[in-house]
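Summary of structural features
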Amino acid sequence: MNSYPLFISCPRGLEAVLAQELSALGAEKTAALDGGVRCQGSLKTVYRINLHARTAGRVLLQLAAGGYRSEHDVYRLARETDWPAWFDGGQTFKVQIEGKRPRVKSLEFTALKVKDALCDRFRDATGSRPSVDKGAPDVRVHVFLDEAQALLFVDTSGEALFKRGYRRETGAAPLRENLAAGLLLLAGYDGSQPFQDPFCGSGTIAIEAAWIAQNHAPGLLRRFAFERLRGFDSALWQRLRTEAQDAVRPAPAPIAASDIDHQAVRHALANIEAAQLSDVIAVRRGDALAQRPNGDGGLMLSNPPYGVRLAEIQALHALYPQLGSWLKQHYSGWQIGMFSGDRDMPKLMRLSPKRKIPLYNGKLDCRLFLLDMVQGSNRRA
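My aim in this report is to walk through the structure given alongside it, one point at a time. No experiment lies behind these values; they were computed from the predicted model shown.

1. Things to note about the pairing of strand 10 (residues 255-259)
For strand 10, the buried fraction is high: 5 of the 5 residues fall into the buried class. Of the two faces of strand 10, the one carrying Ile-255, Ala-257 and Asp-259 and the one carrying Ala-256 and Ser-258 are both buried. One ladder, built from 3 bridges, connects strand 9 (residues 195-197) with strand 10; its direction is parallel. Following the sheet pairing, Gln-196 is matched in strand 10 by Ala-256. With 5 bridges joining them, strand 10 and strand 11 (residues 281-285) adopt parallel strand pairing. Within strand 11, the residue paired with Ala-257 across the bridge is Val-283. With helix 8 (residues 262-274) bridging strand 10 and its parallel neighbour strand 11, the resulting β-α-β unit is right-handed.

Shown next as structure tokens:
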């Protein structure tokens, strides 16, 4: 089976976690870059990454690479690429472009040149050309330009991989699923320990925790763009899906989610039901400070509200010392993970994190604070 150069994107800060996932899934020559991981893999590996990688964003398969000095060089590279080997003229496509110090005047114009080159290649080969669909294309073509090189990819994922296929309800600015999974993996969660999220919002972290605990592949409920590409191996894909379904197991430890906001709890319940986890995640409405451990030696991981307006920030800063006292009083022996854009959170909780991991929630610069709770004060002298 042929091996292809791949680029798998992820939320910034999770590159090392993704690289470990990819190696476990059979990818070779992994190299973490800013915003993703470069590697090599067969089509079987591409299918497995899309199905199983919890922190991945998209799986891009590289079709061409070359040096360039202008948009015309990028056009020639795209014209020489064998697009008809990957999809047919009756399918729709879309070109997306990114650049890091690109040597072109306009990325948008360069994307148009790639579109023209692709259509010209189809006309030469078949006498007809595919149509552009910017909304829901059958095939997504990705172009990346740096200072010296142009790279052309076909997207094997389609919808971004954080879209797991279950989400029915969402609150304001929900945490993306692949970022939530990354937080859990960074905290060392493997499903064997009790889990709680007392600020659960629409339930994203709890659902990702449950799927890790069940060994449930994150892509089992959705479809992928590679199913529409030429050369798609339907028998291999069905075998991989069946193996993934057969590997799902009962969650070995309790998982709980709660929120004080009744609308958030309603959203969480709808998503948990759609993710087929109603009998796995215990959901309740209530103040975080009223929650109690659902076992010994567990993990609490949460994305507490983050204030933007001054009044919100002041209210949260008044809450943090109470959170610290509550954790010290009730969660001895637990590991606590708090994901926040508020750098002062641990100090105001009067707790000292053992790790502060820089991550981005979209464009928001955040930290995952990991704390080991011990009896009495956890603050270093």
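There's more to say after this.
2. Details of the sheet that holds strand 7 (residues 139-145)
Spatial ordering of the open sheet is given by 2-3-1-4-8-7-5-6, a layout of 8 strands whose pairing is mixed. In this open sheet, the two strands that pair with only one neighbour each are strand 2 (28-33) and strand 6 (131-132). Both strand 1 (residues 4-9) and strand 4 (residues 59-67) contribute to a ladder of 3 bridges, which runs antiparallel. Residue pairing in the sheet places Phe-7 in a bridge with Leu-60 of strand 4. Lying on the sheet, helix 4 (residues 107-126) is in contact with strand 5 (92-99), strand 6 and strand 7; it crosses strand 5 at an angle near 145°.

3. Quick notes on the packing of aromatic side chains
What the rule picks out here adds up to 14 aromatic pairs. Their ring planes at 25° and their centres at 4.4 Å tell us that Tyr-47 and Phe-226 sit as a pair that is stacked. Taken as a pair, Tyr-47 in helix 2 (residues 43-52) and Phe-226 in the loop between helix 6 (204-214) and helix 7 (234-246) lie far apart in primary sequence, 179 residues in all. Assigned by exposure class, Tyr-47 and Phe-226 land together as buried. With 5.2 Å between their ring centres and 70° between their planes, Trp-326 and Tyr-331 make a pair best called edge-to-face. Each member of the pair, Trp-326 as well as Tyr-331, carries the same accessibility label: buried. These aromatic residues form a ring-pair network of at least three members: Tyr-47, Phe-224, Phe-226, Phe-232 and Trp-237. The residue whose ring lies beneath Arg-12 is Tyr-360, and the NZ or CZ to ring-centre distance is 4.1 Å.

Thresholds, definitions, all that
Per-chain numbering applies: the sequence of each chain, read as written, is numbered from 1 onward. Reporting in this predicted model follows two pLDDT cut-offs: at least 70 for local features of residues, and 80 or more for side-chain atom pairs to be given and counted; totals over whole chains, interfaces and linings ignore these cut-offs and use all residues. As a rule here, side-chain values come from all non-hydrogen atoms in the structure, and water together with hydrogens is ignored. Buried means the residue's accessible area, taken with a 1.4 Å probe over protein chains only, is under 20% of the maximum for its type, while exposed means over 50%, and partly exposed covers the values in between. By the criteria applied, helices consist of DSSP H or I runs no shorter than four residues and strands consist of E runs no shorter than two, each listed in order from the N terminus. Following DSSP output, two strands are said to pair if at least two bridges run between them. With the strands pointing away from the viewer, any crossover whose connection runs clockwise from the first strand over the helix to the second is right-handed. For this analysis, residues touch if any pair of their heavy atoms sits within 4.5 Å. Note on method: axes are straight lines fitted to C-alpha atoms, helices fitted across the in-contact stretch only, with angles between N-to-C directions ranging 0 to 180 degrees. In this scheme Phe, Tyr and Trp rings, the latter by its six-membered ring, pair at centre separations within 6.5 Å, and the angle between planes marks the pair as stacked below 30 degrees, edge-to-face above 60, and tilted otherwise. We count a charge as sitting over a ring when the NZ of a lysine or the CZ of an arginine lies within 6 Å of the ring centre and within 35 degrees of the ring normal.

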